[in-house]
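# Tertiary structure, described
Here is what each chain is made of, one letter per residue.
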Amino acid sequence: MNHAEVRHRCESLVDDVLRQTGIPQPWDINEWLDCLERARGRGIDLCALTWKPGDATGAWQPRDDHDVIAYPANTSGYHQNHIILHEIGHMLFQHSSRCTLSYEEARRIAPDLDANAFAHLLDHRDGTVEEYEAEQFAHILHARVTAQSVPPPRNYRPPQDGTTASLVARLTAAFGEP
């Protein structure tokens, strides 16, 4: 795997996608997904699941007429966004969408389903390049939307009392103007 080539492919895809969708201000992943759905002409359903240590943190499953992305409900919003973007990376790169759950994981998640229903989940293979590609896509897109969503610095407001003014003057001398 050539990391520079993968990064270039990911940057190109992020550029293309953001040209089509724009970036909602302020950033909101649901609004962005609405834009992505319109651009692709295909729906995306999000499914929040309870994550347990050792579980996969996300999954993408293409359906006949829409895509489903599972992500953990019990993590931070920032982490949820990253996981969703990682799965979007798999989706947009048209990766194979094969999960690599063990039989035990599949049984624990859905004990009442027949083992044949998990055939696609139990197809183990080496997804290293696809995982790296999806992760790079998520990092690059997340960094771009976060950079555009950071509020501008506050305007400097001079302190009203002498003690605070003296402290601000010493800090300004030490660190420079804000």
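So, here's what we can say about the structure. (Residues numbered from 1 in each chain as written. Predicted model: local features only at pLDDT ≥ 70, side-chain atom pairs only at ≥ 80, totals over all residues. Heavy atoms only, no water.)

Here we come to the packing of helix 1 (residues 3–21) against helix 2 (residues 29–40). Two numbers describe how helix 1 lies on helix 2: the axes approach to 9 Å, and their chain directions differ by 95 degrees. As far as their axial angle goes, helix 2 and helix 1 are roughly perpendicular. Facing helix 1, whose interface residues are Val17, Leu18, Gln20 and Thr21, helix 2 presents Trp32, Cys35, Leu36 and Ala39. Within the contact of helix 1 with helix 2, the residues separate by chemical class into six nonpolar, two polar and no charged. (Axes fitted to C-alpha atoms, helices over the stretch in contact; angles between N-to-C directions. Helix = DSSP H or I, 4+ residues; strand = E, 2+ residues; numbered from the N terminus. Parallel < 35°, antiparallel > 145°, perpendicular 65-115°, else oblique. Contact = heavy atoms within 4.5 Å. Nonpolar A, V, L, I, M, F, W, Y, C, P; charged D, E, K, R; others polar.)

Turning our eyes to something else, we now look at the pairing of strand 2 (residues 59–62). Pairing between strand 2 and strand 3 (residues 66–72): four bridges, direction antiparallel. Across the sheet, residue Ala59 finds its bridge partner in strand 3, namely Ala70. Here strand 2 folds back onto strand 3 in antiparallel fashion, the turn holding three residues. (Pairing = 2+ DSSP bridges.)

A word on the packing of aromatic side chains. This structure, assessed with the given rule, holds two aromatic pairs. Each ring, one from Phe93 and one from Phe137, has its centre 6.4 Å from the other, and the planes form 80 degrees; the classification is edge-to-face. Of the two residues, Phe93 is situated in the loop between helix 3 (77–92) and helix 4 (103–109) and Phe137 in helix 5 (residues 128–149); the sequence distance between them amounts to 44 residues. Taking relative accessible area as the criterion, Phe137 reaches 0% and is therefore assigned buried. (Phe/Tyr/Trp six-rings, centres within 6.5 Å; stacked < 30°, edge-to-face > 60°. Buried < 20%, exposed > 50% of the residue type's maximum accessible area, 1.4 Å probe, protein only.)

Here we come to the nonpolar core. One finds Trp32, Leu33, Leu36, Ile88, Phe137 and Leu141 to be the most contacted residues of the largest nonpolar core, which totals 27 residues. Secondary structure elements with two or more residues in this core: helix 1, helix 2, strand 3, helix 3 and helix 5. Those residues within four positions of Leu33 in sequence are excluded, and the remaining contacts are Ile44, Leu46, Ile84 and Ile88. (Core = buried A, V, L, I, M, F, W, Y, C linked by side-chain atoms within 4.5 Å.)

No statement about biological role is implied by the geometric values presented.
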